[in-house]
Amino acid sequence: MDGTFRTDFQRNPASLKQHPALVLNADYRPLSYYPLSLWPWQEAVKAAWLDRVDIIAEYDEVVRSPSTVIRIPSVVVLKDYVKPQKRVAFTRFNLFLRDEFCCQYCGAKGDLTFDHVVPRASGGVTSWQNVVAACSPCNLKKGSKSLRQCGLHLRKPPRPPAAEELRNMGRKFPPNHLHESWMDFLYWDAELEA
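Everything in this summary refers to the structure shown in the same document. This one's a predicted model, so the numbers in the text were calculated from it and none came from an experiment.

### So, the overall build of the chain
So, step 1. Regarding its fold elements, the chain presents 6 helices and 6 strands.
So, step 2. N-terminal to C-terminal, the α/β element order of the chain is β-β-α-β-β-α-β-β-α-α-α-α.
So, step 3. Residues classed as buried in the chain amount to 38% of the 194 residues present.
So, step 4. At a minimum sequence separation of 6, the contacts of the chain that also span at least 24 residues come to 64%.

The following block contains the structure:
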């Protein structure tokens, strides 16, 4: 996969922008759960046309060219297996996902930013081991002080997450919209309720 799929082909009806395709690896698992691996319909159609994916499910809507009518793919599976990355990128999103989108001082779930446990002014570095998700009030309370000076305590010590750990964590936060044709592919390996 060279990842050079275009998304702007021609002027299209606005409704067709609302038909993303779930992208599965060759083992029929999503490439990522959070964010969910989705392509715009244009990329899914192009990948199918270039024989890079198999179409597993389709929407009822179609797109037309002068010589072809194609149903819009809703689930595609890559023909070549893409090996998941072992190393997790140190990004704000991955940091929030590691900390389950809650403040590591008070547990609040909103208005999140990040905080250096050992302040940079005191020699703290920006790393997995020293940065945590924090709500704005806790971040302001802590400022450039140590945890002891401000009376805050960490809910869990910060550490680098494993790639598989983040993938599993992402399953706890499903996106707002899940098309019914995706359900069999998203949760087939989830533990069944007794």
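### Describing the layout of surface pockets
So, step 1. Considering only enclosed or pocket space, the largest pocket measures out at about 710 Å³ in volume.
So, step 2. Along its surface, the largest pocket is lined by 29 residues, and Leu-31, Ser-32, Pro-84, Gln-85 and Arg-167 are the ones closest to its centre.
So, step 3. Those elements that place two or more of their residues in the lining of the largest pocket are α2 (92-98) and α5 (163-170).
So, step 4. Here the element with the most residues in the lining of the largest pocket is α5; it accounts for 5 residues.

### Here's the deal with the packing of aromatic side chains
So, step 1. Enumeration according to the criterion identifies 3 aromatic pairs in this entry.
So, step 2. Both rings, one in Phe-90 and one in Trp-128, keep their centres 4.9 Å apart while their planes meet at 75°; by these two values the pair is edge-to-face. Of this pair, Phe-90 sits in the loop between β4 (69-78) and α2 while Trp-128 sits in the loop between β5 (112-116) and β6 (131-135), and the two are 38 residues apart along the sequence.
So, step 3. Phe-90 gets classed as partly exposed once you look at its relative accessible area, which sits at 35%.
So, step 4. A relative accessible area of 9% means that Trp-128 is categorised as buried.
So, step 5. A centroid spacing of 6.5 Å and a plane angle of 55° characterise the contact between Phe-96 and Phe-101, whose relative ring orientation is tilted. This pair shows no difference in class: Phe-96 is buried, exactly as Phe-101 is.
So, step 6. An aromatic cluster of at least three residues, connected via ring pairs, comprises Phe-93, Phe-96 and Phe-101.

### A closer look at α5
So, step 1. Where α5 is concerned, the buried positions are Ala-163, Leu-166, Met-169 and Gly-170. Buried residues along α5 cover an arc of 125° about the axis, so they all sit on one side.
So, step 2. Residues of α5 that are buried in the fold lie against α2.

### As for the pattern of salt bridges
So, step 1. Evaluated as defined, the whole model comprises 8 salt bridges.
So, step 2. The partner of Glu-58 in a salt bridge is Arg-71, with the nearest N and O atoms 3.5 Å apart. Taken as a pair, Glu-58 in strand β3 (residues 53-64) and Arg-71 in strand β4 lie far apart in primary sequence, 13 residues in all.
So, step 3. Using a relative accessible area of 37% as the deciding quantity, one classes Arg-71 as partly exposed.
So, step 4. For Asp-115, the salt bridge is made with Lys-142, and the minimal N-O distance between the two is 3.4 Å. Linking Asp-115 in strand β5 with Lys-142 in helix α3 (residues 136-142), this pair joins segments that are 27 residues apart in sequence.
So, step 5. Taking the relative accessible area as the measure of exposure, Asp-115 reaches 4% and is therefore buried.
So, step 6. What makes Lys-142 buried here is its relative accessible area of 0%.
So, step 7. Among the ionic contacts, a cluster of salt bridges with common partners joins Asp-51, Asp-54 and Lys-79.

Basis of the calculations
Residue positions are given per chain, counted from 1 along the sequence in the order it is written. Local features are withheld for residues below a pLDDT of 70 in this predicted model, meaning they are given only at 70 or higher, and side-chain atom pairs are given and counted only at 80 or more; totals for whole chains, interfaces and linings count all residues. Hydrogens and water are ignored here; the side-chain numbers use all heavy atoms of the structure. Elements are defined by DSSP. Helices are runs of H or I of four residues or more, strands are runs of E of two residues or more, and each kind is numbered from the N terminus. Only protein chains enter the accessibility calculation, which uses a 1.4 Å probe; a residue is then buried when its area is under 20% of its type maximum, exposed when over 50%, and partly exposed in between. Two residues qualify as a contact provided that any one of their heavy atoms is within 4.5 Å of a heavy atom in the partner residue. Here a cavity means grid points, on a 1 Å grid over the protein atoms only, where a 1.4 Å probe fits yet cannot get out; a pocket means an open set of points with protein on both sides within 12 Å along at least five of seven lines; lining residues are those with an atom within 4 Å of a point. Grid points are joined across faces, edges and corners, and a volume is the space filled by probe spheres set on the points. Aromatic rings from Phe, Tyr and Trp, with only the six-membered ring used for Trp, were paired whenever their centres fell within 6.5 Å, and each pair was classed as stacked if the ring planes differed by under 30 degrees, edge-to-face if by over 60, and tilted otherwise. Think of it as the arc spanned by the lines of direction from the helix axis to the C-beta atoms. One speaks of a salt bridge when a side-chain nitrogen belonging to Lys or Arg is within 4 Å of a carboxyl oxygen belonging to Asp or Glu.

Honestly, it's all geometry; don't read function into it.
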